[in-house]
Amino acid sequence: MRRLSNVLKASSGLCRALNKEQSEVYAKLQVLRAFASDASAAAEAIKSAKKLPATLLINGEWVDSVAGKTVPIVDPRTEQTIISVQAAQKEDVDKAVAAARRAFDEGPWPKMTAKARGRVLYKLADLMEQHAEELAVLETLDNGKPLASSRAADVPLSVDHFRYFAGWADKIQGRTIPVDGPFWAHTFHEPLGVAAQIIPWNFPLLMAAWKLAPALACGNTVVLKLAEQTPMTALRLGQLALEAGLPPGVLNIITGWGPDAGAPLAGHKDVDKVAFTGSTEVGRMVGRMAAEHIKPCTLELGGKSPVIVDKHVDVDKAVADSHMGLFFNHGQCCAAGSRIYVHAAVYDEFVEKSVAAAAQRKVGDPFTRVDQGPQVDREQFDKVLRYIKLGRDEGANLRVGGGRAG
């Protein structure tokens, strides 16, 4: 039975390693923020955005959707349209999957030596590093996160991820298993086939890297569906992937709305694996679609991660860590520490210091010296306000903030 190499499990291990490094990376942000204010960066981001291929990548070519419909990509700072990208429909998904299928069944990617695949991924990582500043400003324009975060974390960690799995490409090996009798037993790891991958809007470039790098290193081909809010850095990544030498059809990228493009992809009979990162609600639907054809499905969904503050802690450090855990990436993180349980002995001190820390948080244009930029779009902004209102209606005591900043 054909199955995806166990090296994919290393992806979750790397995620844990990255989480351990996260506090060190983001400790640098206070220093880097002083250098993040760049009046020209926003203009350069818009200029780069307008040069992007606002089309679909299918079989190595940038093409319009069959229906010719588009999705407006909005600047989260101003709510003005930056560019419009193609809105894929089922017919476009069928074309992308067919291209990935041909590239896997007939193309060179799964058949070339593992070392050769690794070289292509190393080249892609090198190209990303060469274009790091362009990717950083596009990520901030796409998502609204501070430019310091894009420069210090999102882009370099994405580069690291491709390099990590490029190194794994030629280290995927089976086992010879001792058995009784005149028999020879061994296992052989081989690529699974066509991977359907759907990513969210909170870490657009990094989520693309987490999905693509292990699948490509193993010799699979991919159809990557981007979040309709934040496609820009992944479109640029697609250009760099072709430049790095990825054969036609190995990476196909589609943009568009979830029901029109994501759903047909998740339920497509000709894909061999489905991977989804996003909300629990949509994850349930994706899981059901994959189950219809009894195919492997990986779901990375949202949660309500608790923080527990014991009475023996350093309260100042607990406040700082909880503050980062909740507000990191505007709170738009599946592992956000959105529930805090505080021991009664330190509760009052913790609350007062938390209020003071939140009051000092600077919100504004992500291309300037701020702690937090805008939420990714109007829908998410309104959702935050609804939760605040719900909390107040249920008796919560609002101590700071609670409305639009600016």
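About the cut-offs
- Every chain's residues receive numbers from 1 upward, in the order its sequence appears when written.
- Thresholds applied to this predicted model are a pLDDT of at least 70 for local features of residues and 80 or more for the giving and counting of side-chain atom pairs; totals over whole chains, interfaces and linings are not thresholded and use all residues.
- The basis for every side-chain value is the complete set of heavy atoms in the structure, and neither hydrogens nor water enter the calculation.
- Only Phe, Tyr and Trp rings take part, Trp by its six-membered ring, and two of them pair if their centres are within 6.5 Å. Stacked means planes under 30 degrees apart, edge-to-face means over 60, and tilted covers everything else.
- Relative accessibility under 20% of the residue-type maximum defines a buried residue, over 50% an exposed one, and the middle range a partly exposed one, all with a 1.4 Å probe and only protein chains included.
- Runs of H or I in DSSP of at least four residues are treated as helices and runs of E of at least two as strands, each being numbered from the N terminus.
- Two strands are counted as paired when DSSP detects at least two bridges linking them.
- We define a polar contact as two N or O atoms separated by no more than 3.5 Å, with the added condition that, inside protein, one atom must be a possible hydrogen donor and the other a possible acceptor, whereas residues neighbouring each other in sequence contribute only through side-chain atom pairs.
- A contact between two residues is defined here by any heavy atoms of the two lying within 4.5 Å.
- Any helix carries an expected span of 1.5 Å times its number of residues minus one.

Draft legend 1. View of the packing of aromatic side chains. What the rule picks out here adds up to two aromatic pairs. Both rings, one in Tyr164 and one in Phe165, keep their centres 5.0 Å apart while their planes meet at 80°; by these two values the pair is edge-to-face. A relative accessible area of 0% means that Phe165 is categorised as buried.

Draft legend 2. The arrangement of the pairing of strand 10 (residues 273-278) in detail. The element strand 10 is largely enclosed, with a buried count of six among its six residues. Across the two faces of strand 10 the burial is the same, with Lys273, Ala275 and Thr277 and Val274, Phe276 and Gly278 all buried. Where strand 7 (residues 194-198) meets strand 10, four bridges bridge the pair, whose relative direction is parallel. Across the sheet, residue Gln197 finds its bridge partner in strand 10, namely Ala275. Sheet topology places strand 10 next to strand 11 (residues 297-301); five bridges connect them, and they run parallel.

Draft legend 3. Focus on the side chain of Thr277. As for its position among the elements, Thr277 is in strand 10. Taking the relative accessible area as the measure of exposure, Thr277 reaches 6% and is therefore buried. Of note is the side chain of Thr277, whose polar atom sits 2.5 Å from the side chain of Lys211. Apart from residues no more than four positions distant in its own chain, Thr277 is found in contact with Ile198, Ile199, Pro200, Met207, Lys211 and Glu300.

Draft legend 4. Layout of helix 6 (residues 132-143). Taking 1.5 Å of rise per residue, 12 residues should cover 16 Å, and helix 6 covers 16 Å from first to last C-alpha, within 8% of that figure. Counting buried residues along helix 6, nine of its 12 residues qualify, which places the element largely inside the surrounding structure. When helix 6 is considered as a whole, its buried residues turn out to be Leu135, Ala136, Val137, Leu138, Glu139, Thr140, Leu141, Asp142 and Asn143.

Draft legend 5. Highlighting helix 7 (residues 147-168). Here helix 7 spans 31 Å end to end across 22 residues, near enough to the 32 Å set by a 1.5 Å rise per residue. With 16 of its 22 residues buried, helix 7 lies for the most part within the structure.

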